[in-house]
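As a plain string of letters, each chain reads:
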Protein chains: 2
Amino acid sequence: MATISDVAREAQVSVATVSRVLNKQDSVKKATADRVYAAIEKLKFEPNILARNFRRSESRVILIIAPNITNPYYSHILTGIGDTANELGYSALIFNTANSEEREKEGMEMLKKRRADGAILLARNQGSQWLEEYAENYPVVQCSEYDPDVPFPHVSIDNYKAVREVMAYLFALGHERIATISSKNRYISTDLRMKAYKDALGEEGLPVEENLVAYAGLDYSFRSGKEAAEKLLAQENRPTAIFCISDTIALGAIAAAMEKGIRVPEDLTVIGFDDVEDTMMFHPYITTVGQPCYELGKNAMRMLYDRINGQLDPQHEMVLKHKFIIRESAGRRKQDD
Amino acid sequence: MATISDVAREAQVSVATVSRVLNKQDSVKKATADRVYAAIEKLKFEPNILARNFRRSESRVILIIAPNITNPYYSHILTGIGDTANELGYSALIFNTANSEEREKEGMEMLKKRRADGAILLARNQGSQWLEEYAENYPVVQCSEYDPDVPFPHVSIDNYKAVREVMAYLFALGHERIATISSKNRYISTDLRMKAYKDALGEEGLPVEENLVAYAGLDYSFRSGKEAAEKLLAQENRPTAIFCISDTIALGAIAAAMEKGIRVPEDLTVIGFDDVEDTMMFHPYITTVGQPCYELGKNAMRMLYDRINGQLDPQHEMVLKHKFIIRESAGRRKQDD
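In short, a report on the structure. What you see is a predicted model; the values in this text were computed from it and never measured. (Residues numbered from 1 in each chain as written. Chains lettered and ligands numbered in written order. Predicted model: local features only at pLDDT ≥ 70, side-chain atom pairs only at ≥ 80, totals over all residues. Heavy atoms only, no water.)

Attention now moves to the environment of Val141(B). All names here are of chain B. Note on placement: Val-141 falls in strand β4 (residues 140-143). As a C-alpha pair, Val-141 and Gly-118 span 23 residues in sequence and 8.2 Å in three-dimensional space. With near-sequence residues (within four places) excluded, Val-141 lies in contact with Ala-119, Ile-120, Leu-121, Pro-153, Ala-300, Met-303, Leu-304 and Arg-307. (Helix = DSSP H or I, 4+ residues; strand = E, 2+ residues; numbered from the N terminus. Contact = heavy atoms within 4.5 Å.)

Right, here's the structure in full:
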């Protein structure tokens, strides 16, 4: 491949002159510029964009830093970001951290090294002070999960409010022994959903029992949800309803119930969260909280674009509407329970 | 942030001298170099890696060009690539093309622009002559799907052999009216699986009937698999077995059967392909062909590394072993069928 030096030699000018022509600077005579263009044409030279971007300090790449893209919850968010990035002239690249903070740091280092113009954090843990050094100098947006103590803009739904609606619905159906399957992570969504679960029980005058709280894995996998539900359902005085913090976990809970001969929703109510496609694979279809995933992704990318262009406050906060979706997996508590 | 010019000004030397010091060239006097180091220290200057990489023509980034990361089939491949890239000192970034050839081209352009050192193509269609221009000059590896006419190395399983085993098993169970759910894409795996299906029927002296072949969507989604199965099962003389080219499609086929009151495997045998986690969510667990996904990813990355270092033939071909896994969704044909 031809280099800029080859072009300079061919056109009998200096490398600096070729560079000036490439940058459309006016200081080059028309005749000289024409000679450079002819040489570029002849040698099929492609200006090295990496070098041009270095000058402009722009890579036109944005990074999506994601912990675990296996969860179907992420797919529409990623599509929303990708489509919007495309419209705005950016390539969106996904950096899969596999839940490792080490790799997350490696991803952020790419901003320092100017290999990307900005980043969207898809599943920020809380309590990560190390991020603060990026806050001032680099355009970063938090999507869905966020650390409220780090000054990055974020877009999410109101997790607390959503779970209060779930709990109100369960109370209306007559449930009192309500379990939850959570996860031992540091996501704000997990904290807010747990707080809403406990506050709702408390306001209803019901105790928060330790043996009604179970935990799925960090990956919210089907298998770990199933195991957590097995523990809940093995109790003598088992719950009549389980609220799961993700649909995949809820699928696991339904599978656990089926294997024990416990019917959903006749004997057990199960409610999920997210509204992924999998909720409608097998009956009972899952009653759940729908998140506007594509819109979350789209708005995160727009916010990042504004940040890159210095037009958005770092404390900016956007809350999108969730949707409580009633399907088949929740029912009235039986009289004899 | 300090620039190289700031450092030069502070150290009272030229930018070229700072550059020589950064590149550890010997032509700079010790006293001058010390002045530059002191200025770097004082101004907290971070050498711009983008520029350094431009000189070395190395970004230490590799791209994974993927069509549709929603399919759980890709998750372990992506992890295999990511882990191996990490060990080899590379960041692996995923470029989600959402099945658009336009975006695929955009991804490949990043190689030209030196934003990445190489690329792994995860779902190459056949018949894409436009790729040939990259073959000579850029390190590219095809993983799982490949175009045999483009001189990129590739790693995959033997799709033809795998489906011949599926068919032999179905014949052994007494099935003769065997349907298949395929997809109208240009993947070599789809062609080879279809050829194996037809060859096996032919050698068994059975006709290849048009109404036994149905098509799921390009995304191999559950919903499209279910719709394809509904068509197959609506026939008067319906098949007693369905071979599906993916597990997600097979899940759809089982759901379609269940809704019609057709029992799997008692009334209908369903076989999948891939062995993703979802095959073991609900009974019947799916009989399927397991692909060594993590290993596919790992080997693709190793091959790419060798290509980057000029140590691998572009025609290199690696075939990994599949595994036929018997679970619950296939059974003997009933006598009255």
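The subject of this paragraph is the pattern of salt bridges. Enumeration according to the criterion identifies 31 salt bridges over all chains in this entry. Residue Glu10(B) is joined to Lys42(B) by a salt bridge in which the shortest nitrogen-to-oxygen separation is 3.1 Å. Of this pair, Glu10(B) sits in helix α1 (residues 4-11) while Lys42(B) sits in helix α3 (residues 30-43); the two residues are 32 residues apart in sequence, bridging distant segments of the chain. A salt bridge links Lys195(B) to Asp199(B), with the nearest nitrogen and oxygen atoms 2.9 Å apart. Placement of both Lys195(B) and Asp199(B) in helix α9 (residues 188-203) is noted, with a separation of four residues, approximately one turn of the helix. Lys195(B) sits in the partly exposed class, given a relative accessible area of 45%. Connected through shared salt-bridge partners, Arg263(A), Asp267(A) and Lys334(A) make up one network. (Salt bridge = Lys/Arg side-chain N within 4 Å of Asp/Glu carboxyl O. Buried < 20%, exposed > 50% of the residue type's maximum accessible area, 1.4 Å probe, protein only.)

Evaluation of the coordinates by the stated rule reveals 15 aromatic pairs over all chains. With a centroid separation of 6.1 Å and an interplanar angle of 85 degrees, the aromatic rings of Tyr90(B) and Tyr305(B) are classed as edge-to-face. Separated by 215 residues along the polypeptide, Tyr90(B) in the loop between α5 (73-87) and β2 (91-96) and Tyr305(B) in helix α12 (residues 293-308) bring together distant segments of the chain. For Tyr90(B), a relative accessible area of 2% corresponds to the buried category. Overall, Tyr305(B) belongs to the partly exposed group, its relative accessible area being 29%. Among the aromatic residues, those joined into a ring-pair cluster are Phe222(A), Phe282(A), Phe222(B) and Phe282(B). (Phe/Tyr/Trp six-rings, centres within 6.5 Å; stacked < 30°, edge-to-face > 60°.)

Now for the packing of helix α1 (residues 4-11) of chain A against helix α2 (residues 15-22) of chain A. A pair of packed helices can be characterised by two numbers: the angle between their axes and the separation between those axes. Residue and element names in this part refer to chain A. Interhelical geometry of α1 versus α2 gives an angle of 105 degrees and a closest axis separation of 8 Å. One element, α1, and the other, α2, form an angle in the roughly perpendicular class. Facing Ile-4, Ser-5, Val-7 and Ala-8 of α1, the residues of α2 in contact are Val-15, Val-18, Ser-19 and Leu-22. When grouped by side-chain class, the residues that make up the contact of α1 with α2 number six nonpolar, two polar and no charged. (Axes fitted to C-alpha atoms, helices over the stretch in contact; angles between N-to-C directions. Parallel < 35°, antiparallel > 145°, perpendicular 65-115°, else oblique. Nonpolar A, V, L, I, M, F, W, Y, C, P; charged D, E, K, R; others polar.)

For the rest of this paragraph, the subject is the sheet that holds strand β6 (residues 178-183) of chain B. All names here are of chain B. Sheet architecture is open: four strands sit in the order β7-β6-β8-β9, paired in parallel fashion. Each having just a single partner strand, β7 (213-216) and β9 (269-271) make up the two edges of the open sheet. Geometrically, the sheet is characterised by an average inter-axis angle of 20 degrees between neighbouring strands, direction not taken into account. Note that β6 and β7 share four bridges and pair parallel. (Pairing = 2+ DSSP bridges.)

Moving on to the pairing of strand β2 (residues 91-96) of chain A. Two faces, one strand: in a regular strand the side chains alternate between the faces of the sheet. Of all six residues making up β2(A), six are buried, and the element is well covered by its neighbours. Burial along β2(A) is two-sided: the face carrying Ser91(A), Leu93(A) and Phe95(A) and the face carrying Ala92(A), Ile94(A) and Asn96(A) are both buried. Alignment of strand β1 (residues 61-66) of chain A against β2(A), held across six bridges, turns out to be parallel. Paired with Ile64(A) across the strands is Ile94(A), a residue of β2(A). A crossover links β1(A) with its parallel partner β2(A), the connecting element being helix α5 (residues 73-87) of chain A, and its sense is right-handed. In the sheet, β2(A) pairs with β2(B) via three bridges, with the strands oriented antiparallel. Paired with Phe95(A) across the two strands is Leu93(B), which belongs to β2(B). (Right-handed = clockwise from strand over helix to strand, strands pointing away.)

All names here are of chain A. Pro-284 follows His-283 through a cis peptide bond whose omega is 0 degrees. Note on placement: Pro-284 falls in the loop between β9 (269-271) and β10 (288-290). At Ser-144, a residue that is not glycine, the phi angle is positive and equals roughly 75 degrees. Structurally, Ser-144 is set in the loop between β4 (140-143) and β5 (154-157). According to the relative accessible area criterion, Ser-144 is buried, its value standing at 7%.

With that settled, the discussion passes to the nonpolar core. If you look at the biggest cluster of nonpolar residues, it comprises 162 residues, and the most contacted ones within it are Leu122(A), Ile181(A), Leu122(B) and Ile181(B). When residues no more than four places from it in sequence are discounted, the contact partners of Leu122(B) are Ile64(B), Ile65(B), Ala66(B), Pro67(B), Tyr74(B), Ile77(B), Leu78(B), Ile81(B), Cys143(B), Ser144(B) and Glu145(B). Among the nonpolar cores identified, the runner-up in size contains 38 residues, and Leu93(A), Ala135(A), Val150(A) and Tyr138(B) belong to it. (Core = buried A, V, L, I, M, F, W, Y, C linked by side-chain atoms within 4.5 Å.)

Below, the discussion takes up the sheet that holds β2(B). Ordered in space as β11(A)-β5(A)-β4(A)-β3(A)-β1(A)-β2(A)-β2(B)-β1(B)-β3(B)-β4(B)-β5(B)-β11(B), the 12 strands form an open sheet in which the pairing is mixed. The two strands at the open ends of the sheet, each matched to only one other strand, are β11 (317-320) of chain A together with β11 (317-320) of chain B. Direction aside, the axes of adjacent strands within the sheet are offset by 20 degrees on average. The strands that helix α12 (residues 293-308) of chain A touches are β1, β3 (118-121), β4, β5 and β11 of chain A; relative to β4(A), the one it contacts most, it runs at about 165 degrees. Along the sheet, α12(B) contacts β1 (61-66), β3 (118-121), β4, β5 (154-157) and β11 of chain B; its crossing angle with β4(B), the most-contacted strand, is approximately 165 degrees.

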